[in-house]
Amino acid sequence: MSSGSGDRPPQSLAATGRTSEGWLDACRQFWSVYTRKPVMAIALLGFGAGLPFLLVFSTLTAWLRDVGVERTTIGFFAWIGITYSIKVFWAPVVDRISLPLLSRWLGQRRSWILLGQLGIAVGLVWMSLLDPATELWWVAVAALLVAFSSSTQDVALDAFRIEAVEDSLQGAMSASYIFGYRVALLFAGAGSLYLAEWYNWSLSYGAMALMMAVGILATFWCQEPPHISRDQRNEQDAAMMDRLFGRPMHMERRPGWERWLLGAVVCPILEFFQRNGWLALLILAFVAVFRLSDITMAVMANPFYLDMGYSKSDIASIAKVFGFFMTIAGSALCGVLVIRWGMYRPLLLGAILVSSTNLLFATMAFVFEGGAEHPSLWWLTLVISTDNLSGGIASTAFVAYLSSLANKSYTATQYALFSSLMTLPGKFISGFSGWVVDGLGYGQFFVVAAILGIPAVVLVLILMRRMPLPAPAAENHSQS
């Protein structure tokens, strides 16, 4: 026994040494990956992508409500966000057409990213110079410019992110991009509300326009990713069309505009339907309804907080800053759940949570609209905690699912299709949110928002039974 016990300490020390060395290697690998130029650059570019989103969405609704705009009118402003939902229509243009002069200087991807960034900055400056109380229509036009420029930037940036590094670094690129995007949401949400509380809304939006310099400088700092040549792309498109139709299509004999239309628009869509068969319609229906509940309620969230008596500082501190960390926690938790459970069960959990958390908003509204005293900050903290935690889980699972659907050969256009369809129904329905609140009250509105989440739950259950998880994007028809 003494001999055996004497042998154990060296083994234990050796194991401890190996563990320590393993941790050091992991730290070195983490440092080497996240300090690479493309990975750092995508975080800054992600900041530029995330900054305008809330400024034409929930932050804008807070500004409009703060100056006395009717809630029905505020609800219609949600339709500006439809711009993000129809970007698939001009995604092929961004993907394949070069900008004069700019493309020679910066390259295909960076030139479109820069054009979008400049449009965002100009639109935000324009909004900062307007008074919604007297110039509401011009505010809508300026916000539309911001949304169109932002969605255009998103198309080019998604393609840039995928092309900039090899497949082994795509996970790090996605994580870095999401981090930059989330930090920008914090500035556009909490930061703009703080500035509006301390100074005014004009200064707040002017400051946000200046912060677009972060993304613009990153565009000049990063390098244009490599592209396949035009001849290679034409050969790839011709092979895809021959395979899809089962016979030679003689693409080389067709006019240039027809070859472009078939390759940039038709091939990505036909490939998706060929790969998934009739289940493609079921998948697209699921993509369309998954975010119905949270997009619909989000338009009225800030007006609801203000009407409940909370100050802009309260909303910034709890709904934006604290909510930011709860969303990050939900995302991190979902990453673990995907590893342990696979894709569909986290999707199901996220769909259930997003729908059910609307009932907490409804409870809060029923209690305090019924004559109770002003709700405490604990109420707001509870509601925000559950809403953002569930949103982090749902959004992370959903983005991972969408990424798994795209064919690597047509990532830009197919991903634009999915992300556009993801928000279009919610943006349209949310335009009537103010009308529902004015007619029925906040409590009934949040109950309706909860009911809108039921189709997503049902479709997840059907997909779990009908089909396995799609192959990763890197594996989908990689031979093409």
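Parameters at a glance
Residues numbered from 1 in each chain as written. Predicted model: local features only at pLDDT ≥ 70, side-chain atom pairs only at ≥ 80, totals over all residues. Heavy atoms only, no water. Helix = DSSP H or I, 4+ residues; strand = E, 2+ residues; numbered from the N terminus. Buried < 20%, exposed > 50% of the residue type's maximum accessible area, 1.4 Å probe, protein only. Core = buried A, V, L, I, M, F, W, Y, C linked by side-chain atoms within 4.5 Å. Contact = heavy atoms within 4.5 Å. Axes fitted to C-alpha atoms, helices over the stretch in contact; angles between N-to-C directions. Parallel < 35°, antiparallel > 145°, perpendicular 65-115°, else oblique. Left-handed = near helix turned anticlockwise from the far one by under 90°. Nonpolar A, V, L, I, M, F, W, Y, C, P; charged D, E, K, R; others polar. Phe/Tyr/Trp six-rings, centres within 6.5 Å; stacked < 30°, edge-to-face > 60°. Lys NZ or Arg CZ within 6 Å of the ring centre and 35° of its normal.

*Asks:* Would you mind going over unusual backbone geometry with me for this structure?
*Replies:* Leaving glycine aside, a negative phi is the common case for residues, and trans is the common case for peptide bonds. One non-glycine residue with positive phi stands out, namely Leu101, at about 70°. Of note, Leu101 is situated in the loop between α6 (91-96) and α7 (102-106). The exposed category is assigned to Leu101, whose relative accessible area is 67%.

*Asks:* Would you take a moment to explain the nonpolar core for this structure?
*Replies:* Nonpolar side chains in soluble globular proteins generally cluster together in the buried interior. Of all hydrophobic cores here, the largest spans 92 residues; its most connected members are Leu60, Leu124, Met127, Phe304 and Tyr305. Among the elements that make up this core, the one with the highest residue count is helix α10 (residues 170-198) (twelve residues). Beyond its immediate sequence surroundings of up to four residues, Tyr305 is in contact with Tyr310, Ile315, Ala319, Phe361, Leu380 and Ile384.

*Asks:* Sorry, what's going on with the packing of helix α15 (residues 279-289) against helix α19 (residues 377-405) here?
*Replies:* Working note: a packed helix pair is described by the angle between its axes plus the distance between those axes. In the contact formed by α15 and α19, the axes pass within 12 Å of each other and the chain directions differ by 150°. Between α15 and α19, the interaxial angle falls into the category roughly antiparallel. Two packed elements cross with a definite hand, and for α15 against α19 that hand is left-handed. Here Ile283, Phe286 and Val287 of α15 come into contact with α19, specifically with Phe398, Tyr401, Leu402 and Leu405. When grouped by side-chain class, the residues that make up the contact of α15 with α19 number seven nonpolar, no polar and no charged.

*Asks:* Looking at this structure, I do not really get the packing of aromatic side chains. What am I missing?
*Replies:* How two aromatic rings sit relative to each other is set out by the distance from centre to centre and by the angle between their planes. Inspection of every chain in the model, using the stated rule, returns 28 aromatic pairs. Consider the rings of Trp63 and Tyr205, whose centres lie 4.8 Å apart with planes at 40°: the pair is tilted. On the criterion of sequence distance, the pair formed by Trp63 in helix α3 (residues 58-66) and Tyr205 in helix α11 (residues 201-211) is long-range, its members being 142 residues apart. A residue is classified by how much of its surface remains accessible, and Tyr205, at 0% relative accessible area, is buried. An angle of 45° between the planes, with centres 6.0 Å apart, marks the rings of Tyr177 and Tyr181 as tilted. Of the two residues, Tyr177 and Tyr181 are both situated in helix α10; the distance of four residues between them amounts to about one turn of the helix. Each member of the aromatic cluster is reached from another via a ring pair, and the members are Phe304, Tyr305, Phe361, Tyr442, Phe445 and Phe446. Looking at Arg161, its charged tip hangs above the ring of Tyr177, at a distance of 5.5 Å from the centre.

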